[in-house]
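# Overview (structure and organization)
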Amino acid sequence: MTNTIRQSSGLWILFALQAFCTLFLLGEVIGDLIGWENKAAEDLTHFIEFSVILLLLTGLVSTGSRITRIMSRQNRMLRQLKINSGAFMRLVEDYFDEWGLTPSERDVALLSLKGLLISDIARLRNTSQGTIKAQCNAIYKKAGVNGRPQLLSVFIEDLLALGLSRNEPQTSPAQ
């Protein structure tokens, strides 16, 4: 969290610096257009303009670097999401195999896990709500749970356990 705050603060400082530089250069252009000139301060003005340009170039490089890091992080997160999604589906399939669900029960269980209502599942499967309720009861019985929330909790608990085990040091099976 502290790293996120630091990065956010750094971006705001960079933004403020670029805004200052932009306003300074805008003031210089407007001053040149209306004929405001001070020959005595011209050398100092050129030095300041050069410094502002260097700050803007630094800001461009820093912004480009941050954009590259953010896009790289986003790509890693998308890859991890795909991996986790695949892991979840493998976990679901493993449980369905273990419970001995029929193909119809598998479809109903998956749609139920997705949060669809019994009426929606019945409409999607072109069957009656009574049939879907009977299949849900068979699924719950085979899974050893009392309803949809407990069915979902079976998967959530395993996924949480998987996440916790990733944070612990890994040991080889021989140990």
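Keep in mind that what you see is a predicted model, and the values were worked out from it rather than measured. (Residues numbered from 1 in each chain as written. Predicted model: local features only at pLDDT ≥ 70, side-chain atom pairs only at ≥ 80, totals over all residues. Heavy atoms only, no water.)

### Digging into unusual backbone geometry
At Asn126, a residue that is not glycine, the phi angle is positive and equals roughly 55°. Relative to the elements of secondary structure, Asn126 occurs in the loop between helix H4 (118-125) and helix H5 (129-143). (Helix = DSSP H or I, 4+ residues; strand = E, 2+ residues; numbered from the N terminus.)

### Section: the environment of Glu49
Tracing the sequence through the fold places Glu49 in helix H2 (residues 42-99). Not counting the four nearest positions on each side in its chain, Glu49 is found in contact with Phe24 and Glu28. (Contact = heavy atoms within 4.5 Å.)

### A short note on the packing of H4 against H5
Viewed as axis vectors pointing N to C, H4 and H5 meet at an angle of 110°, and their least axial separation amounts to 8 Å. Classed by the angle they form, the pair H4 and H5 counts as roughly perpendicular. H4 and H5 meet at a crossing whose hand is right-handed. Along the contact surface, H4 presents Ile118, Ser119, Ile121, Ala122 and Arg125, while H5 presents Gln129, Ile132, Lys133 and Gln135. In terms of residue class, the contact of H4 with H5 is built from four nonpolar, three polar and two charged. (Axes fitted to C-alpha atoms, helices over the stretch in contact; angles between N-to-C directions. Parallel < 35°, antiparallel > 145°, perpendicular 65-115°, else oblique. Left-handed = near helix turned anticlockwise from the far one by under 90°. Nonpolar A, V, L, I, M, F, W, Y, C, P; charged D, E, K, R; others polar.)

### Focus on the confidence of the model for the protein chain
Predicted confidence across the protein chain gives a mean pLDDT of 82, with 86% of residues reaching 70 or more. Here residues 167-175 is a poorly scored stretch, pLDDT under 50, and it has one contact once near neighbours within four places are set aside; other chains count. (pLDDT = per-residue confidence, 0-100.)

### Describing the packing of aromatic side chains
One pass over the full model with this rule turns up six aromatic pairs. Aromatic pair Tyr95 and Trp99: ring centres 5.1 Å apart, planes at 40°, arrangement tilted. Residue Tyr95 and its partner Trp99 are both found in helix H2; the two are separated by four residues, about one turn of the helix. The same class applies to Tyr95 as to Trp99, namely buried. Plain terms: the ring middles of Phe96 and Phe155 are 6.5 Å apart, the flat faces sit at 85° to each other, and that makes the pair edge-to-face. With Phe96 in helix H2 and Phe155 in helix H6 (residues 148-167), this residue pair connects regions lying 59 residues apart in the sequence. Looking at Phe155, the relative accessible area reads 0%, which means it is buried. Through a chain of ring-to-ring contacts, the aromatic side chains of Tyr95, Phe96, Trp99 and Phe155 assemble into a single cluster. (Phe/Tyr/Trp six-rings, centres within 6.5 Å; stacked < 30°, edge-to-face > 60°. Buried < 20%, exposed > 50% of the residue type's maximum accessible area, 1.4 Å probe, protein only.)

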